[in-house]
Amino acid sequence: MARRVFFSFEYDHDASRANVVRNSWVTQGKDAAGFIDAADFEEIKKGGEPAIKRWIRDQLRNTSVTVVLVGSRTCSSKYVKYEIEQSEERGNGLLGIDISKIKDLNGNTTERCGKIPKGYSFYLWYKDDGYKNMGAWIEEAAEAAGR
């Protein structure tokens, strides 16, 4: 079954790492949500928190799984927390993937802040071969949520 997946991540610090994961998903012919051009995001931010939350809800529409991409600051992001809450409310499957060891545009890695979302499967992008296995992880999360 084709899945439309929402990718949740801390935008300011992990966009380049998240794009590695997203691009691996898209190059396999899959559909991704939760990504936005920097200029468009700046425009949405002008509308304040209500506009950002509306954008998140709109992006979650027609998704069945939410993948939380976890870097060094993901655990403290109020918008990632909101995305997880909204995903749970809509019954999306959830899982977490550590992206801290994916190099950013400057060639740097970070440490992971923790394992979120709590109570769901969690994987390491490199160690668990995310490029090869992410599709199976997403299917498992969808099935666990009855989606």
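Read on for a plain summary of the structure. Model, not experiment: these values are computed from the prediction.

1. Details of the nonpolar core
Then comes step 1: Judged by nonpolar contacts, the single largest core of 20 residues is most densely connected at Val-67, Leu-69, Leu-95, Ile-97 and Met-134.
Then comes step 2: Only β1 (4–8), α1 (11–26), β3 (65–70), β4 (93–98) and α5 (130–144) provide two or more residues apiece to this core.
Then comes step 3: Residue contributions to this core peak at five residues, all from α5.
Then comes step 4: Every residue in contact with Leu-69, bar those within four places of it in the chain, is listed here: Phe-7, Ser-8, Phe-9, Ala-18, Val-21, Thr-74, Ile-97 and Ile-99.

2. Thoughts on the state of the cysteines
Put plainly, two cysteines are in a disulfide when a covalent bond ties their sulfur atoms together.
Then comes step 1: Enumeration over the complete set of coordinates arrives at one disulfide.
Then comes step 2: Across a sulfur-sulfur distance of 2.1 Å, Cys-75 and Cys-113 are joined as a disulfide pair. On the sign convention where negative means left-handed, the S-S torsion of about 80 degrees between Cys-75 and Cys-113 marks this disulfide as right-handed. One end of the pair, Cys-75, is in the loop between β3 and α4 (78–90); the other, Cys-113, is in the loop between β4 and β5 (122–124), with 38 residues separating them in the sequence.
Then comes step 3: Owing to a relative accessible area of 31%, Cys-113 belongs among the partly exposed residues under this scheme.

3. Some words on the pattern of salt bridges
Then comes step 1: Evaluated as defined, the whole model comprises nine salt bridges.
Then comes step 2: One salt bridge in this structure joins Lys-101 and Glu-111, with 3.1 Å as the shortest N-O distance. Linking Lys-101 in the loop between β4 and β5 with Glu-111 in the loop between β4 and β5, this pair joins segments that are ten residues apart in sequence.
Then comes step 3: Note on Lys-101: relative accessible area 36%, which makes it partly exposed.

4. As for unusual backbone geometry
Backbone geometry follows two general trends: most residues other than glycine have a negative phi, and most peptide bonds adopt the trans configuration.
Then comes step 1: A cis amide bond links Ile-116 to the next residue, Pro-117, at an omega of 0 degrees.
Then comes step 2: Take Pro-117: it is sitting in the loop between β4 and β5.
Then comes step 3: At Asn-62, a residue that is not glycine, the phi angle is positive and equals roughly 65 degrees.
Then comes step 4: Locating Asn-62 in the fold gives a position in the loop between α3 (48–60) and β3.
Then comes step 5: Note on Asn-62: relative accessible area 64%, which makes it exposed.
Then comes step 6: Although it is not a glycine, Asp-129 adopts a positive phi angle of roughly 55 degrees.
Then comes step 7: As for its position among the elements, Asp-129 is in the loop between β5 and α5.

5. Describing the packing of aromatic side chains
Then comes step 1: For the structure shown, the criterion picks out two aromatic pairs.
Then comes step 2: With 4.1 Å between their ring centres and 5 degrees between their planes, Tyr-123 and Trp-137 make a pair best called stacked. Note that Tyr-123 is positioned in strand β5 and Trp-137 in helix α5, a separation of 14 residues in sequence. For the residue pair Tyr-123 and Trp-137, the accessibility class agrees, reading buried in each case.

6. Describing the environment of Lys-45
Then comes step 1: Among the structural elements, Lys-45 can be located in helix α2 (residues 38–45).
Then comes step 2: Judged by its relative accessible area of 33%, Lys-45 falls in the partly exposed class.

7. Examining α3
Then comes step 1: Its 13 residues place the ends of α3 19 Å apart at the C-alpha level, agreeing with the 18 Å of an ideal helix rising 1.5 Å per residue.
Then comes step 2: Residues of α3 that are buried: Ala-51, Ile-52, Trp-55, Ile-56, Gln-59 and Leu-60.
Then comes step 3: Residue Asn-62 follows α3 closely and has a positive phi angle near 65 degrees.

Quick notes on the rules
Residues numbered from 1 in each chain as written. Predicted model: local features only at pLDDT ≥ 70, side-chain atom pairs only at ≥ 80, totals over all residues. Heavy atoms only, no water. Core = buried A, V, L, I, M, F, W, Y, C linked by side-chain atoms within 4.5 Å. Buried < 20%, exposed > 50% of the residue type's maximum accessible area, 1.4 Å probe, protein only. Helix = DSSP H or I, 4+ residues; strand = E, 2+ residues; numbered from the N terminus. Contact = heavy atoms within 4.5 Å. Disulfide = S-S within 2.5 Å. Salt bridge = Lys/Arg side-chain N within 4 Å of Asp/Glu carboxyl O. Phe/Tyr/Trp six-rings, centres within 6.5 Å; stacked < 30°, edge-to-face > 60°. Expected span 1.5 Å × (residues − 1).

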